[in-house]
Amino acid sequence: MHYWCPEGDLNPHDLLGSADFKSAVSADFTIRAFSHHIFQFHPATAIIYLCTSPLLPGSLQATVSFVLTGAGISAESGLATFRGSGGLWNGHRVDQVATPEAWEADPALVWRFYSMRRRDAMAAEPNAAHRALAAIEHSLADNFYLFTQNVDDLHERGGSIRVHHMHGSLFHSRCVACDLPFPDQGFYEDADSLPRCALCGSPVRPHIVWFGEITLDMDEIYRQLDRATVLLVVGTSGSVYPAAGLVNIANRRGIRTLYVGPEEPLNASAFDEIFLGPATEVLPKVV
Ligand code: APR
């Protein structure tokens, strides 16, 4: 991981005398872009570092980019991340609402939880980070793959077309027997009227990959990662596998690996470069 590169035609020490630069950098944001470079302010040492291989505007455009997003990209749209909420997810323990055991024990509670998440996601709007990724896709087309661990639809509403939801989709449900997902925006908050399959009468569940279940589309993910030249990971804590292991696969294949988020993920040491900052601040500067 590199943060600091004194070479190049921009000398950060000269820049320190510049009033414009001083106003562009401050301790409340750890990362700022100035003159097409991205700098990091390190509060402990008060040193401003020029990032190596800066993510210049447009620098992802000449690549085959594989992007992986997590809950952090929707945080600035007002959707709670899981690990940022002290072990409770919208007020619930994960094992009560997001496991096959939870569904067996109390489907009504599970449906109340996902109905609430549907309401929250419907009320949220895509942010500048979602739109920035849609802009990259617009120019890279088939050389761009977006895989998300998120179940909300903010990438799609932000303009992305090629979105693969590894952990399922909040706005789909499926019959536990027929197993075919279908679009569903319903709210099921009454234990006496939980949804049933129109074909076979079996219970209908959220189309979500719960803890302990198998991630969707893994073959396609490995196939696309094989073609990539850059892996850009945004807003995920790096704690849920197999998504957290994709950076290791990328490293073995010599793919450049970048992380964007306000704090280092658990697997930070595996990345070539880390850009600390909120996704809405950092991503729009690099597309
Ligand atoms: N911009 C970018 N990243 C952010 C922002 C932001 N504005 N705000 C928070 N983050 C980062 C946090 O630093 C944290 O690393 O988002 C990450 C959120 O971590 P998690 O809540 O663990 O989310 P994620 O990694 O996507 O979780 C993976 O676990 O909760 C289950 O199945 C669920 O898909 C989810 C999976």
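Please refer to the structure placed before this passage.
Residues numbered from 1 in each chain as written. Predicted model: local features only at pLDDT ≥ 70, side-chain atom pairs only at ≥ 80, totals over all residues. Heavy atoms only, no water.

A.B. asks: Residues and numbers for the sheet that holds strand β5 (residues 144–148), please.
C.D. replies: Taken together, the 6 strands give an open sheet; going across it, the order is β6-β5-β4-β10-β11-β12, and neighbouring strands pair in parallel fashion. Looking at strand neighbours, the two that pair on one side only are β6 (163–165) and β12 (273–276), the edges of this open sheet. Between one strand and the next, the sheet's axes are offset by a mean angle of 20°, whatever the strand orientation. With 5 bridges connecting them, strand β4 (residues 65–69) and β5 associate as parallel partners. When the sheet's bridge partners are listed, Thr69 is paired in β5 with Thr148. Lying over the sheet, helix α7 (residues 128–140) contacts β4, β5 and β10 (230–234), oriented at roughly 150° with respect to β5. (Pairing = 2+ DSSP bridges. Helix = DSSP H or I, 4+ residues; strand = E, 2+ residues; numbered from the N terminus. Axes fitted to C-alpha atoms, helices over the stretch in contact; angles between N-to-C directions. Contact = heavy atoms within 4.5 Å.)

A.B. asks: Quick one: what's the story with the pattern of salt bridges, residue by residue and with numbers?
C.D. replies: Taken as a whole, this structure holds 12 salt bridges when the rule is applied. Here Glu220 and Arg223 are joined by a salt bridge, their closest N and O atoms 2.8 Å apart. Residue Glu220 and its partner Arg223 are both found in helix α9 (residues 218–227); the two are separated by 3 residues, about one turn of the helix. Judged by relative accessible area, Arg223 falls into the exposed class, the value being 52%. Shared partners join several salt bridges into a network, and the residues in it are Glu125, Asp153 and Arg157. (Salt bridge = Lys/Arg side-chain N within 4 Å of Asp/Glu carboxyl O. Buried < 20%, exposed > 50% of the residue type's maximum accessible area, 1.4 Å probe, protein only.)

A.B. asks: Please provide a residue-by-residue account of α7, values included.
C.D. replies: Taking 1.5 Å of rise per residue, the 13 residues of α7 would be expected to cover 18 Å, and the 18 Å separating its terminal C-alpha atoms lies within 8% of that figure. Among the residues making up α7, those that are buried are Ala129, His130, Ala132, Leu133, Ala134, Ile136, Glu137 and Leu140. Backbone nitrogen of Ala129 and a side-chain oxygen of the N-cap are separated by 2.7 Å at the start of α7; the cap is Asn127. Following α7 by one or two positions, Ala141 adopts a phi angle in the positive range, close to 50°. (Expected span 1.5 Å × (residues − 1). Polar contact = N/O pair within 3.5 Å; in protein donor to acceptor, adjacent residues only side chain to side chain.)

A.B. asks: So, the side chain of Arg205: which residues are in play, and what are the values?
C.D. replies: Mapped onto the elements of the fold, Arg205 is located in strand β9 (residues 204–208). Only 2.9 Å separates the side chain of Arg205 from the side chain of Glu213, close enough to count as a polar contact. Setting aside residues up to four positions removed in sequence, Arg205 forms contacts with Trp103, Trp111, Ser173, Arg174, Val176, Trp210 and Glu213.

A.B. asks: Break down the site of the ligand for me, with residues and values.
C.D. replies: Around the ligand sit 21 residues in total, of which Arg83, His167, Thr236, Ser237 and Glu263 are the nearest. Here an oxygen atom of the ligand sits 3.3 Å away from a polar atom, N or O, in the main chain of Gly235. At 2.6 Å, a side-chain N or O of Thr236 approaches an oxygen atom of the ligand. The protein chains hide 90% of the 720 Å² of surface that the ligand would expose on its own. If you list the elements that add at least two residues to the shell around the ligand, you get α3 (72–75) and β11 (256–261). (Near = heavy atom within 4 Å. Areas by Shrake-Rupley, 256 points an atom, 1.4 Å probe, with all protein chains shown as cover.)

Interpretation in functional terms is not warranted from these geometric data alone.
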